[in-house]
Amino acid sequence: MDTFDWDIVLLTQKEYVAPQAPNEYVQNILTEDQLVSEALTNKGFCVTRKSWDDPNFDWKKTRFALFRATWDYFHRFPEFQDWLNRAKEQTQLINSSETLLWNMDKHYLLDLEAAGVSVVPTSIAEARSNSSLQNFYEQSPYAEAILKPTVSGSARHTYRLRRDNIEEHAELFEQLIQKEAMMLQPFQERILTEGEISLIYFGKTFSHAVRKRAKKGDFRVQDDFGGTLHDHDPDAEELSVAEAALDACPSLPVYARVDLVRNKANEPLVMELELIEPELWFRRNREAARKLTDTIIKTHL
């Protein structure tokens, strides 16, 4: 019979394990992890927090590893992928390794589209292809587009392209395409006025939603770039699109964040489906940490 030192390890990155004098951004991470930890502890789980790359931790000593703020993985993707492949043989990952590996790379948007989910149209230039940015842009039907890597987060290498600024990004694109796949999506103008909607689910159960708005003059909604957060009450159409995305996953995730944006025709489209380490805003809906705990119990015990 297996013996464990811990029931659940909350996975983070080393900068967030024990920060000194945390700023507001880091304090939000700590607050959210505390809410999750308390909800799990109240159900009898023995919980700790560890950096995913902690060289001294034996992952066989925890029953589960729950991804929380591993927000450096897309900067260290090969190293993270190697760790993930080892860890999945030593402990149970939440979400599952199958789900995580599928969701790491935004090629998954093509899978969602093939399954009939309404997504933001996506064109991809594969790594080490001969495509120039000019050719990639010209081959797409988008007059104005967003360029970013297929493995990314926090608006990493995310640029707004128009015909008159292609050359500004051409050299960087040539450097990036040698190492990683790049994607183009049509720029969604309503982001500037309405922002982006995030719907939070635990299993198939909707929990809460927020609207993220970019600061004036920017299109990036992340708070890293001055974006603001607002409560949102999703309508039936938004819920339907989000649930279709969940149905198209390789397996139903324990937790999910579905990011939606409305196009010119006012149709909600999936911009991203976040199943690895999304911010879930437990601090704005404190019942959500209990819902996560109940879902873990239901699906894993």
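Details of the structure are given in the entry above.
To start, this report covers the structure provided alongside it. Nothing here was measured: the structure is a model prediction, and the numbers come from that model. (Residues numbered from 1 in each chain as written. Predicted model: local features only at pLDDT ≥ 70, side-chain atom pairs only at ≥ 80, totals over all residues. Heavy atoms only, no water.)

Let us now look at unusual backbone geometry. The step from Ile94 to Asn95 runs through a cis peptide bond, and the omega angle for that step is 5 degrees. By the secondary structure assignment, Asn95 is in the loop between strand E4 (92–94) and helix H3 (97–103). Unusually for a residue other than glycine, Trp281 sits at a positive phi of about 55 degrees. Along the chain, Trp281 falls in the loop between strand E13 (268–274) and helix H9 (287–300). Under the relative-accessibility criterion, Trp281 is labelled buried at 4%. (Helix = DSSP H or I, 4+ residues; strand = E, 2+ residues; numbered from the N terminus. Buried < 20%, exposed > 50% of the residue type's maximum accessible area, 1.4 Å probe, protein only.)

As a further point, take the sheet that holds strand E11 (residues 228–231). Strands sit in the order E11-E10-E9-E12-E13 across an open sheet of five strands; the sheet is antiparallel. Two strands lie at the open edges of the sheet, namely E11 and E13, each paired on one side alone. Along the sheet, successive strands turn relative to each other by an average axial angle of 30 degrees, direction set aside. By the bridge criterion, four bridges tie strand E10 (residues 205–213) to E11 in an arrangement that is antiparallel. (Pairing = 2+ DSSP bridges. Axes fitted to C-alpha atoms, helices over the stretch in contact; angles between N-to-C directions.)

Turning our eyes to something else, we now look at the environment of Ser207. Its place among the elements puts Ser207 in strand E10. For Ser207, a relative accessible area of 9% translates into the label buried. Between the alpha carbons of Ser207 and Lys291 there is a distance of 7.8 Å; along the sequence they are 84 residues apart. In contact with Ser207, other than residues within four places in its own chain, are Ile200, Tyr201, Phe202, Asn285, Ala288 and Lys291. (Contact = heavy atoms within 4.5 Å.)

Turning next to helix H6 (residues 166–177). Of the residues making up H6, those classed as buried are Ile166, His169, Ala170, Phe173, Leu176 and Ile177. For H6, the arc enclosing every buried residue in end-on projection is 140 degrees, short of the 170-degree limit, so these residues lie on one face. Within H6, the exposed residues directed more than 90 degrees away from the buried face are Glu167, Glu168 and Glu171. Lining the buried residues of H6 we find strand E5 (123–125), helix H5 (133–139), strand E6 (145–149), strand E7 (159–161) and strand E8 (182–186). (Arc of directions from axis to C-beta.)

Time to look at empty space enclosed by the protein. Here the idea is plain: a probe the size of a water molecule rolls over the atoms and shows the empty space left. Going through the model one piece at a time under the given rule, you end up with two cavities of 30 Å³ or more. What the largest cavity holds in volume is close to 40 Å³. Taken together, Arg190, Glu194, Gly195, Glu196, Ile197, Arg211, Leu260, Val261 and Arg262 make up the lining of the largest cavity. If you list the elements that add at least two residues to the lining of the largest cavity, you get helix H7 (190–194), strand E9 (196–202) and strand E12 (255–262). Ranked by the residues each element gives to the lining of the largest cavity, the list is headed by E12, at three residues. Class assignment for the residues of the lining of the largest cavity results in three nonpolar, one polar and five charged. The space that makes up the second largest cavity amounts to roughly 40 Å³. If you go around the second largest cavity, the residues you meet are Leu66, Phe67, Arg68, Tyr255, Pro278, Leu280 and Leu292. Among the elements that take part in the lining of the second largest cavity, strand E3 (residues 62–69) stands out by supplying three residues, more than any other. The residue makeup of the lining of the second largest cavity, split by class, is six nonpolar, no polar and one charged. (1 Å grid on protein atoms, 1.4 Å probe; cavity = no way out; pocket = protein on both sides within 12 Å on 5 of 7 lines; lining within 4 Å. Points joined across faces, edges and corners; volume = space filled by probe spheres on them. Nonpolar A, V, L, I, M, F, W, Y, C, P; charged D, E, K, R; others polar.)

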